[in-house]
Amino acid sequence: MYREIVIVGLNHRTAPVEVRETVAFNSSLLGESLKRLQSLPSIKEGVLLSTCNRVEVVAAAPEHAVAVEEIKGFLVEQESAVEHRPNEEHLYAHFGDAAVRHLFRVAASLDSMVVGEPQILGQLKDYYLAAQQAGTVGTVLHWLFHRSFFVAKRVRTETGIASRAVSVSSVAVDLARRIFDRLEDKAVMLIGAGKMGNLVARHLQRGGVSSLMVTNRTFERAIELAAQFRGSPIRFEDYPRYLKLADLVIGCAGSAEVLLGPEILEPVLKERKQRAMFFIDLGDRRNFDPGINQIDNVYLYNIDDLKSVAAENLQERSSEVNKAEEIVNEEVVAFLHWLDSLEQVPTIVALRQKLEEIRQRELEKSLSTTLKGLSDREKRALEEMTSAMINKILHAPITRLKGLSEDREEALYIDALKKLFELEGK
């Protein structure tokens, strides 16, 4: 049974953004990456999770030690992992109950940079769905992910962890407020009109921004988002010409390549007469070349720079976090109990089937010889009596097996049952 849950990855705590982006998975090639993951000898089921804050592999395997090493190799050997290849210090590995707890905490946004942000749950569902479509999810991960969704719902409804509307996008706008004091008279350019872009635009509007430019590779999406927030859509190929108008540029495009470098910005600063420009990079893979930070009057902030703002938010809700952790712990125990039952079920079914076959065989033999003259009513009574006897015989061992809590003890009893009743291979 491949019931060992294994998670290997890196996140905003263990690796800087320049390392995380080297192992980030291209969404257009996700299905291919999932197939490569499942082709590893030790991996039976797998899901990939790749966001601006984390890249993780969630797998079901027969044995965790081999799976951990194979997944590490899978992550490090990504085609893009060249200059900032992750090392052992960047990667973490969880297995067993620690892996289950980790995924539940991720789903409940307890492991996010911004604790309580709602976006991670939607991302988790999207990546689970992608794995389903790729055929890399089976019984174990199917139930694991659905329980993680349930845990997230419990945390949001039973605690006040989401009492303040927080997200990476809202923290980015909080940072912008600190930079400018006020946003009402600032022009903002938003690069990217996906889910993150929509959230950023919403928070910018609440923050008082009245001048918003939106650009996106698909111009229709830029038009749609700009219309929602009374902004101006700009064709993607034209946006460099409009940079001179922007005091703040926020990048949240799902792009595999850098969109802005020093060669584009240096002439822009001249046109602006060296008026300062601020850039906030929220891309899974960085949208802006870090080198632009070396240009006079250009100030670049990336996803990791939001940590201090997020930490203040966490401090205010520490008691709610404790409640959420208790819910996670409860659900981990419940899931592990279900997982243990997966090992028991085939043995219990095989044992019941073996005894039932013996009962029917011996009953048929008796009814055809010594008990040949019984009426239909007497035959039914005999059938019910022997069935009841089998149920009573099985009741104690099955109850005992289901009540076991330690893996070693459970394995010992299962092995003993298989040998005593010749159930090997069942």
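Everything that follows concerns the structure shown earlier in this document.
First, a word on what this report is: a plain description of the structure on this page. (Residues numbered from 1 in each chain as written. Predicted model: local features only at pLDDT ≥ 70, side-chain atom pairs only at ≥ 80, totals over all residues. Heavy atoms only, no water.)

Our focus in this paragraph is the sheet that holds strand β4 (residues 92-95). Sheet strands pair via backbone hydrogen bonds, and the direction of the pair is either parallel or antiparallel. Strand order in the open sheet formed by four strands is β2-β3-β1-β4, and the pairing between neighbours is antiparallel. Each end of this open sheet is capped by a strand with a single partner; those strands are β2 (45-50) and β4. For this sheet, the mean inter-axis angle between neighbouring strands, taken without regard to orientation, is 15 degrees. Pairing of strand β1 (residues 4-11) with strand β3 (residues 54-61), which is carried by eight bridges, proceeds in the antiparallel orientation. Residue pairing in the sheet places V8 in a bridge with V57 of β3. In the packing of helix α6 (residues 139-158) onto the sheet, the strands contacted are β1, β2 and β3, and the crossing angle to β2 comes to about 40 degrees. (Pairing = 2+ DSSP bridges. Helix = DSSP H or I, 4+ residues; strand = E, 2+ residues; numbered from the N terminus. Axes fitted to C-alpha atoms, helices over the stretch in contact; angles between N-to-C directions. Contact = heavy atoms within 4.5 Å.)

A word on the sheet that holds strand β7 (residues 232-235). Read across the sheet, six strands follow the order β7-β6-β5-β8-β9-β10 without closing on themselves; strand pairing throughout is parallel. Both edges of this open sheet fall to β7 and β10 (298-302), since each of them pairs with a single strand only. Strand after strand, the sheet turns through a mean of 20 degrees between neighbouring axes, direction not considered. Note that strand β8 (residues 248-251) and strand β9 (residues 277-281) share four bridges and pair parallel. Within the sheet, the bridge partner assigned to I250 lies in β9 and is I280. Here helix α7 (residues 168-180) sits on the sheet and contacts β8, β9 and β10; the angle it forms with β9, its principal contact strand, is near 165 degrees. Lying on the sheet, helix α9 (residues 219-228) is in contact with β5 (187-191), β6 (211-216) and β7; it crosses β7 at an angle near 165 degrees.

What follows is about the packing of aromatic side chains. Per the counting criterion, the structure on display carries 11 aromatic pairs. When the ring of Y128 is compared with that of F145, the centres are 5.5 Å apart and the planes differ by 20 degrees; the resulting orientation is stacked. In this pair, Y128 sits in helix α5 (residues 119-134) while F145 sits in helix α6, placing the two residues 17 residues apart along the sequence. Judged by relative accessible area, which is 4%, Y128 ranks as buried. When the ring of F236 is compared with that of Y239, the centres are 5.2 Å apart and the planes differ by 55 degrees; the resulting orientation is tilted. We note that F236, like Y239, is buried. Against the face of F149 rests K125, its NZ or CZ located 5.6 Å from the ring centre. (Phe/Tyr/Trp six-rings, centres within 6.5 Å; stacked < 30°, edge-to-face > 60°. Buried < 20%, exposed > 50% of the residue type's maximum accessible area, 1.4 Å probe, protein only. Lys NZ or Arg CZ within 6 Å of the ring centre and 35° of its normal.)

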